[in-house]
Every structure is written in C-alpha cells, then in structure tokens.
Amino acid sequence: QVQLVESGGGLVQAGGSLRLSCTASGRTFSWLMGWFRQAPGKEREFVAAINWNSLTAYADSVRGRFTISRDNAKITMYLQMNSLKPEDTAVYYCAQAARATMSRTKGDYNYWGQGTQVTVSS
C-alpha cells in the first residue's frame, strides 16, 4: 500500500513563495507523481506531474511560476511555487499513478495524500 504525506502549505501574501513536499512510502516510487489542487466549490484540477526520468508537465495556469521536482533517493517530490496569486488558494494534493507515462487526468492516479492547505492573501 502506498502512503503519501504532504507538507509545506500555509498562508502567504500575493507574490510570495512556498515549497510543498510529498514523501512516499510503500510501493515503488518510480511511478508517475503529480500535484493536484482543489479550491472550495471547484473540481480537483491538475497542477503538475513528473515521471521517473524527470519529464514534467504543467497546467497553463502555473507554468513559469511553479516547478515540480523529485529526489528519488529521498523518495520525495517537491512543488516550488513562486509569484503566488490569490487564485492559487486551494488544498494541494500529492498523487501517484501506477504508470510511467505522463498523465494530467486525475482518474489515472491511484494513490492520494491527505492534502495541504495553501492560502494566498491579496
């Protein structure tokens, strides 16, 4: 069984930065990893994903501001978020897919963390 634990959320002013971390345990970390977010009253949406070879994909809304990375030795994934905007406010979820190929579809992800709140004030 895979367990994913996020950390690093918090309250930040617009224009500020935060770094989220996701530590995995259980089954292989070599699968596809991703970040999703869900704002109140909205669907959970794709933010970024990274595969074992560090190929990355980003949502248009965060490209150029967010950077996803992974440390395979530490079985940890990161999301560096810069130039944060109030519309980035959401619960951010770490997810793992039992596949190697890239996907932006939440239904392709099999395991989820509990989420960490990110709040950006204007």
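This section reports on the structure supplied with the text. (Residues numbered from 1 in each chain as written. Predicted model: local features only at pLDDT ≥ 70, side-chain atom pairs only at ≥ 80, totals over all residues. Heavy atoms only, no water.)

### Let's talk about the overall build of the protein chain
Each helix and strand in the protein chain was counted, giving 0 helices and 11 strands. Going from the N terminus to the C terminus, the protein chain shows its helices and strands as β-β-β-β-β-β-β-β-β-β-β. In terms of C-alpha radius of gyration, the protein chain reaches 13 Å, essentially the compact-globule figure of 14 Å for 122 residues. C-alpha extents for the protein chain along the principal axes are approximately 40 × 30 × 25 Å. Put simply, 61% of the contacts in the protein chain that link residues at least 6 apart link residues at least 24 apart. For the protein chain, the computed accessible surface area is about 6000 Å², with 47% contributed by carbon and sulfur atoms. (Helix = DSSP H or I, 4+ residues; strand = E, 2+ residues; numbered from the N terminus. Rg over C-alpha atoms; globule rule 2.2 N^0.38 Å. Contact = heavy atoms within 4.5 Å. Areas by Shrake-Rupley, 256 points an atom, 1.4 Å probe, with all protein chains shown as cover.)

### Considering the sheet that holds strand β1 (residues 3-7)
Strands in a sheet are paired, the pairing made by backbone hydrogen bonds, and the direction either parallel or antiparallel. Overall, antiparallel pairing links the 4 strands, which are arranged β1-β3-β8-β7 in an open sheet. Two strands bound the open sheet, and with one partner strand each, they are β1 and β7 (66-71). Looking at each pair of strands side by side, their axes are set apart by 15° on average, direction ignored. With 6 bridges joining them, strand β3 (residues 18-25) and strand β8 (residues 76-81) adopt antiparallel strand pairing. For Thr23, the partnering residue across the bridge sits in β8 and is Thr76. (Pairing = 2+ DSSP bridges. Axes fitted to C-alpha atoms, helices over the stretch in contact; angles between N-to-C directions.)

### Brief notes about unusual backbone geometry
The backbone of Ile75 sits at a positive phi, close to 45°, despite the residue not being glycine. Residue classification places Ile75 among the partly exposed residues on the basis of a relative accessible area of 33%. The backbone of Ser83 sits at a positive phi, close to 50°, despite the residue not being glycine. Relative to the elements of secondary structure, Ser83 occurs in the loop between β8 and β9 (90-97). (Buried < 20%, exposed > 50% of the residue type's maximum accessible area, 1.4 Å probe, protein only.)

### Considering the environment of Pro40
Turning to its location among the elements, Pro40 is positioned in the loop between β4 (32-38) and β5 (45-50). Classification of Pro40 by relative accessible area gives exposed; the value is 73%. Sequence separation between Pro40 and Ala90 is 50 residues, and the spatial gap between their C-alpha atoms is 7.2 Å.

### With respect to the state of the cysteines
Two cysteines form a disulfide when their sulfur atoms are joined by a covalent bond. In total, this model carries 1 disulfide according to the counting rule given. At a sulfur-sulfur separation of 1.9 Å, the disulfide partner of Cys22 is Cys94. Taking the sign of the S-S torsion, -60° for the link of Cys22 and Cys94, the bridge is left-handed. Taken together, the residues span a long stretch of sequence, with Cys22 in strand β3 and Cys94 in strand β9 at a distance of 72 residues. Just as Cys22 is buried, Cys94 falls in that class too. (Disulfide = S-S within 2.5 Å.)

Any link to function would need more than the numbers given here.
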